[in-house]
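Commentary on secondary and tertiary structure
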Amino acid sequence: MPTAKKVVARVTELRELIAYHNDRYFGADEPEISDAEFDELVAELRRLETAHPELVVQKSLLDAPGAPSTTTFAPVTHRLPMTSLDNAMDADELRAWGERVAKGLPGEAVKYVCELKIDGLALSIRYEDGELVLGATRGDGKTGEDVTGNVRTIAEVPARLSARNAPRALEVRGEVYMSKPAFERFRMQKMQENEARIAQDKKPMPIPANPRNAGAGSLRQKDPAVTATRELSLWAYQLGDVDGTPAFTSHHETLDYLRELGFPVNPEVRIVDSLDRVLEFCAHWQQHRNDLPYIIDGVVVKVDDLAQRERLGFTAKAPRWAVAVKFPPEERTTLLRDIKVSIGRTGRATPFAELEPVVVAGSTVSMATLHNREQVQLKDVRPGDTVVVRKAGDVDASRQRPLEKLLVALGIKHLGPAAAESLARRFGSLDAIVAATVDDLAAVDGVGAVIAESAHRWFADKRHKSMVNKLRKGGVQFDNVVVVDAPQTLAGKTVVVTGTLTGFGREEAQRAVKDRGGKSAGSVSAKTFALVVGAEPGAAKVKKAVELGVPQIDEQGFKRLLETGELP
Ligand code: IVH
């Protein structure tokens, strides 16, 4: 029996050899070994990985979706560019935007329309004389992709407008998305299909990690009949090029008009006359974002008056009359089941967390990166802890971006950390990178044709595809997900636990309180914030809590308390 050290060394060596020969095979150089010899190396690595699952690096680093076939659509030049929006990351940045608006409109009162920022795919739908003639993705804002056939299959998109109202031309802009319940149905169906495939010894098919990816993938199908089987929805929020519509003076009139024509327009729209009210709207939806059956990632604030918009105009990139207020990355707490260590291709150890599955920003997360060993020690995270899981990469949500690490770890020729970071930022998941065309990849800042070609070829190779597919079976997440330490929701609060809880051992419960900055006490006093009551509680504690008016909560309430710091 080889010692653990020897196994680690051999696994590391094999990974390096495989990466090296892979490179020979694909690079300008001739391969040095035969395919059979190469396969032997892979087989040996596989045997060792099966015998020592704790060494399977890819399980933590990869969560590969198989390569969905890349499809090319005809390019469409937008008559009016589909610009993106400037972001405001916090209240100060929103106020700074407000000041720029005020400066551009001296002495004028301004009304703002607050809308939800739907996390989907921007679409422009063109009608001529009431007939749907074009559906186009945003692309780079100037040129998008013609997805008309697929757009026609979306039930919520009117195929024609009633002749009485139909203008000569009307471009409707909105967000195509897959609702959370539709995504759940879609995911369950794909999982059942995969079970059947696995039973027949066929490779499982990729399952998108979240509604956004599922929506984007569904809209970019080659065959509209496939798109038709997906439950896609639309929120219309803006007019593009128009001809022969009524004359509008405000944005809210255009939304009413779209609603009258039969387009789905989100009902959660507020017209307000101060930035304080805008901030209230933002705060409300930041807190209630999970109550919605679709995913939002912020609020879009638009100047209502169209003449004022005209005067404000555009910067090189975006309108001055609108801004996207981005929510901070979504966080969820869950139980850390175990910490394992994966050994990378270069022999580097990366700890990763096995988690009680939890939905973060629409993705079910069961594993996450734990930075490095020093961080684990520093934060003192241990199995049994309640940890916070956050999707990284959106915002500043952190110098640690597992996806970029994964990309580097794959050993794709020419793909270094800088390009990997750009790709991770731009695409957010391996799924999206695998699905991207060479042009999509090359269009990313700091990537370019050479890296794009190399990455595309890497993902197209059947050896890599099968490796990636095998990993997919493990059901690991590929998005940028990290475990961060717990937010201090219980700072200054004392919590007492009595009786038996089902999801926490006694020590775990105490630790969860402490992790959040709280104090876990053994007896109830006037200072106790809450008494957590499990099965067969101590009668004295309960009696004392009643006497002192200390709130009593059950396990559900405890979980909520940990997460929010609030009593249910
Ligand atoms: S208006 C010129 N309204 O967010 C204004 N965009 O970061 C065009 N989005 O590209 C956009 N919800 O894909 C607008 N209610 C909303 C939106 C929205 C989501 C997306 C859209 C846009 C991106 C900008």
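Look up a bit, the structure's there.
Residues numbered from 1 in each chain as written. Predicted model: local features only at pLDDT ≥ 70, side-chain atom pairs only at ≥ 80, totals over all residues. Heavy atoms only, no water.

Attention now goes to the environment of Asp241. Mapped onto the secondary structure, Asp241 falls in strand E8 (residues 232-243). The spatial distance from the C-alpha of Asp241 to the C-alpha of Pro81 is 9.4 Å, given a sequence separation of 160 residues. If we skip the residues at most four places from it in the chain, Asp241 touches Arg79, Leu80, Arg126, Ala169, Leu170 and Glu171. (Helix = DSSP H or I, 4+ residues; strand = E, 2+ residues; numbered from the N terminus. Contact = heavy atoms within 4.5 Å.)

The next subject is the pattern of salt bridges. Opposite charge on two side chains makes pairing possible when the charged atoms of those side chains draw close. A full pass over the atoms with the stated rule returns 25 salt bridges. Linking Glu128 and Arg126 is a salt bridge whose minimum nitrogen-to-oxygen distance equals 2.8 Å. Two residues, Glu356 and Arg337, come together in a salt bridge whose shortest N-O distance is 2.5 Å. Placement of Glu356 in strand E13 (residues 349-360) and of Arg337 in strand E12 (residues 331-343) is noted, with a sequence separation of 19 residues between them. A relative accessible area of 31% places Glu356 in the partly exposed class. (Salt bridge = Lys/Arg side-chain N within 4 Å of Asp/Glu carboxyl O. Buried < 20%, exposed > 50% of the residue type's maximum accessible area, 1.4 Å probe, protein only.)

Its location among the elements puts Thr148 in helix H5 (residues 148-151). Taking the relative accessible area as the measure of exposure, Thr148 reaches 9% and is therefore buried. Polar contacts involving the side chain of Thr148 include one to the main-chain amide nitrogen of Gly135, which spans 3.1 Å. (Polar contact = N/O pair within 3.5 Å; in protein donor to acceptor, adjacent residues only side chain to side chain.)

Pairing within the open sheet is antiparallel, and its 4 strands lie in the order E5-E4-E7-E8. Looking at which strands have only one partner, the edges of the open sheet turn out to be strand E5 (131-137) and E8. Averaged over neighbouring strand pairs, the angle between their axes works out to 25° when direction is ignored. Pairing between strand E4 (residues 121-128) and E5: 6 bridges, direction antiparallel. Bridged to Ser124 within E5 is Ala136. Packed onto the sheet, helix H9 (residues 251-260) meets strand E7 (169-178) and E8 and runs at close to 120° relative to E8. (Pairing = 2+ DSSP bridges. Axes fitted to C-alpha atoms, helices over the stretch in contact; angles between N-to-C directions.)

So, about the packing of helix H4 (residues 91-104) against helix H10 (residues 275-288). Here H4 crosses H10 at 145°, and the two axes come no closer than 11 Å. Remark: the crossing between H4 and H10 carries right-handed chirality. Along its contact with H4, which presents Ala91, Leu94, Arg95, Trp97 and Gly98, the element H10 presents Leu275, Asp276, Val278 and Leu279. Looking at the contact of H4 with H10 residue by residue, the class counts come to 6 nonpolar, 1 polar and 2 charged. (Left-handed = near helix turned anticlockwise from the far one by under 90°. Nonpolar A, V, L, I, M, F, W, Y, C, P; charged D, E, K, R; others polar.)

Pairing within the open sheet is parallel, and its 4 strands lie in the order E18-E17-E19-E20. Strand pairing shows two members of the sheet lacking a second neighbour, strand E18 (519-521) and strand E20 (552-553), which therefore form its edges. Here 3 bridges tie strand E17 (residues 494-498) to E18, and the two strands are oriented parallel to one another. Residue pairing across strands places Thr494 opposite Lys519, the latter belonging to E18.

Here we come to the pairing of E17. Among the 5 residues that make up E17, 5 are buried, leaving the element largely enclosed by the rest of the structure. Alternating positions in E17 separate into two faces, Thr494, Val496 and Thr498 on one and Val495 and Val497 on the other, with burial throughout. Note that the unit made of E17, helix H19 (residues 506-515) and E18 has a crossover that is right-handed. Pairing geometry for E17 and strand E19 (residues 528-533), over 5 bridges, is parallel. Across the sheet, the residue bridging to Thr498 is Val533, located in E19. (Right-handed = clockwise from strand over helix to strand, strands pointing away.)

Summed over the entire model, instances satisfying the criterion amount to 0 disulfides. Not engaged in a disulfide, the cysteine Cys114 finds its nearest cysteine sulfur in Cys282; these two sulfurs lie 6.4 Å apart. On the basis of relative accessible area, Cys282 is assigned to the buried category, the value being 5%. (Disulfide = S-S within 2.5 Å.)

By size, the foremost hydrophobic cluster in this structure holds 34 residues, and its most contacted members are Ile125, Tyr127, Val151, Val157, Leu170, Leu219 and Phe263. Breaking this core down by element, the ones donating at least two residues are E4, E7, helix H6 (180-199), helix H7 (211-219), E8 and H9. Other than its neighbours up to four places away in sequence, Leu219 contacts Leu121, Leu123, Thr137, Val147, Asn150, Val151, Ile154, Thr227 and Leu232. (Core = buried A, V, L, I, M, F, W, Y, C linked by side-chain atoms within 4.5 Å.)

The next thing to look at is the packing of aromatic side chains. Following the criterion strictly, the structure yields 9 aromatic pairs and no others. Aromatic rings pair up to connect Tyr177, Trp235 and Tyr294 into one cluster. Over the aromatic face of Trp321 sits the side chain of Arg309, whose NZ or CZ is 4.0 Å from the ring centroid. It is Lys493 that lies over the ring of Phe529; its NZ or CZ is 4.7 Å from the centre. (Phe/Tyr/Trp six-rings, centres within 6.5 Å; stacked < 30°, edge-to-face > 60°. Lys NZ or Arg CZ within 6 Å of the ring centre and 35° of its normal.)

Our focus in this paragraph is the site of the ligand. As a structural note, the neighbourhood of the ligand is formed by 14 residues, with Glu115, Ile118, Arg138, Glu175 and Tyr237 the closest of them. Within the backbone of Ile118, one N or O atom sits 3.0 Å away from a nitrogen atom of the ligand. Contact with the protein chains covers 88% of the free accessible surface of the ligand, which is 530 Å². Among the secondary structure elements, those contributing two or more residues to the shell around the ligand are strand E3 (112-118) and strand E10 (296-303). By residue class, the composition of the shell around the ligand is 8 nonpolar, 1 polar and 5 charged. (Near = heavy atom within 4 Å. Areas by Shrake-Rupley, 256 points an atom, 1.4 Å probe, with all protein chains shown as cover.)

It is worth spelling out H6 at this point. The end-to-end C-alpha distance of H6 is 29 Å, a good match for the 28 Å that 20 residues give at a rise of 1.5 Å each. Within H6, the full set of buried residues consists of Ala182, Phe183, Phe186, Arg187, Lys190 and Asn194. In an axial view of H6, the angular spread of the buried residues amounts to 130°, which keeps them on one side of the axis. Residues of H6 that are exposed and point more than 90 degrees away from the buried face comprise Gln192, Glu195 and Ala199. At the N-terminal boundary of H6, the capping side chain belongs to Ser179, with an oxygen 3.1 Å from the backbone nitrogen of Ala182. (Expected span 1.5 Å × (residues − 1). Arc of directions from axis to C-beta.)

Once that is clear, we can look at H10. Since there are 3.6 residues in each turn of an α-helix, residues three or four apart along the chain are aligned in direction. The end-to-end C-alpha distance of H10 is 20 Å, a good match for the 20 Å that 14 residues give at a rise of 1.5 Å each. Every buried residue belonging to H10 is among Leu275, Val278, Leu279, Phe281, Cys282 and Trp285, and all of these are buried. When H10 is viewed along its axis, its buried side chains cluster within an angular range of 155° and face the same direction. Structurally, H10 contributes buried residues whose contacts are with H4, E3, strand E9 (270-272), E10 and strand E11 (322-326).

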